[in-house]
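Below, each chain spelled out in residue letters.
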Amino acid sequence: MTVKNFPLSEPVLQALQTSLSPERFSTYLRASDGHQEQALRLYTRNTALSAAFYGPLQGLEIAVRNALHRELPARFGPGGFEKPSGFRSLSVIPSFV
């Protein structure tokens, strides 16, 4: 994964910090020992890494959803798993579901 560096002037640093919120930015500031530019570069790399996982996670979500749709009717009957009482019969599902 390659992240292209770009110039970060003081006004750009301040604008980015404001848009990210102090709470969010503080995580990256701590990781970079308080260096603002390095913190923003960490944030950019984290964003790129998160984007790289989006496609595989989307595929996994679809595969799990399709497997559940295929297998749950065997347990609950056609459409039975869609009824709120259906999942309560499973011992691994909390009672508040």
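Relevant structure appears above.
Remember, predicted model here, so these are calculated numbers, not experimental data.

K.L.:
What exactly am I supposed to notice about unusual backbone geometry here?
P.N.:
Trans peptide bonds make up the majority, and among non-glycine residues the majority have a negative phi. At Ser 21, a residue that is not glycine, the phi angle is positive and equals roughly 85°. If you trace the backbone, Ser 21 turns up in the loop between helix H1 (10-20) and helix H2 (22-31). Of note, Asp 33 is a non-glycine position whose phi angle comes to about 55°, a positive value. Along the chain, Asp 33 turns up in the loop between H2 and helix H3 (36-76).

K.L.:
Help me out: how do you make sense of the packing of H2 against H3 in this one?
P.N.:
Geometry of a packed helix pair, given as the angle between the helix axes and the separation of the axes. As a packed pair, H2 and H3 sit with axes 8 Å apart at the nearest point and diverge in direction by 110°. Judged by the angle between their axes, H2 and H3 are roughly perpendicular. Regarding H2 and H3, the two cross each other, and that crossing is right-handed. Contacts between H2 and H3 involve Arg 24, Phe 25, Tyr 28, Leu 29 and Ala 31 on the former and, on the latter, Gln 36, Ala 39, Leu 40, Leu 42, Tyr 43 and Asn 46. Residues belonging to the contact of H2 with H3 are distributed by class as follows: eight nonpolar, two polar and one charged.

K.L.:
For this particular structure, what's the right way to read the pattern of salt bridges?
P.N.:
All told, the structure shown has three salt bridges when counted by the stated rule. The salt bridge involving Glu 37 is made with Arg 41; its shortest N-O contact spans 2.7 Å. With Glu 37 and Arg 41 both in helix H3, this residue pair falls four residues apart, about one helical turn. Residue classification places Arg 41 among the buried positions, given a relative accessible area of 19%. For Arg 65, the salt bridge identified is with Glu 61, shortest N-O distance 2.8 Å. Of this pair, Arg 65 and Glu 61 are both found in helix H3, four residues apart, which corresponds to roughly one turn of the helix. Judged by its relative accessible area of 46%, Arg 65 is partly exposed.

K.L.:
It is not clear to me how the nonpolar core should be interpreted in this structure. Could you clarify?
P.N.:
Generally speaking, nonpolar side chains in soluble globular proteins are found buried as a group. If you look at the biggest cluster of nonpolar residues, it comprises seven residues: Leu 8, Leu 13, Leu 20, Phe 25, Tyr 28, Ala 39 and Leu 40. Residue assignment for this core shows that the elements contributing at least two residues are H1, H2 and H3. Leaving out residues up to four positions away in the same chain, Leu 8 has contacts with Leu 13, Leu 16, Glu 37, Leu 40 and Arg 41.

Each value, and the rule that gives it
Residues numbered from 1 in each chain as written. Predicted model: local features only at pLDDT ≥ 70, side-chain atom pairs only at ≥ 80, totals over all residues. Heavy atoms only, no water. Helix = DSSP H or I, 4+ residues; strand = E, 2+ residues; numbered from the N terminus. Axes fitted to C-alpha atoms, helices over the stretch in contact; angles between N-to-C directions. Parallel < 35°, antiparallel > 145°, perpendicular 65-115°, else oblique. Left-handed = near helix turned anticlockwise from the far one by under 90°. Contact = heavy atoms within 4.5 Å. Nonpolar A, V, L, I, M, F, W, Y, C, P; charged D, E, K, R; others polar. Salt bridge = Lys/Arg side-chain N within 4 Å of Asp/Glu carboxyl O. Buried < 20%, exposed > 50% of the residue type's maximum accessible area, 1.4 Å probe, protein only. Core = buried A, V, L, I, M, F, W, Y, C linked by side-chain atoms within 4.5 Å.

Note that all results are geometric; they support no functional claim without further evidence.
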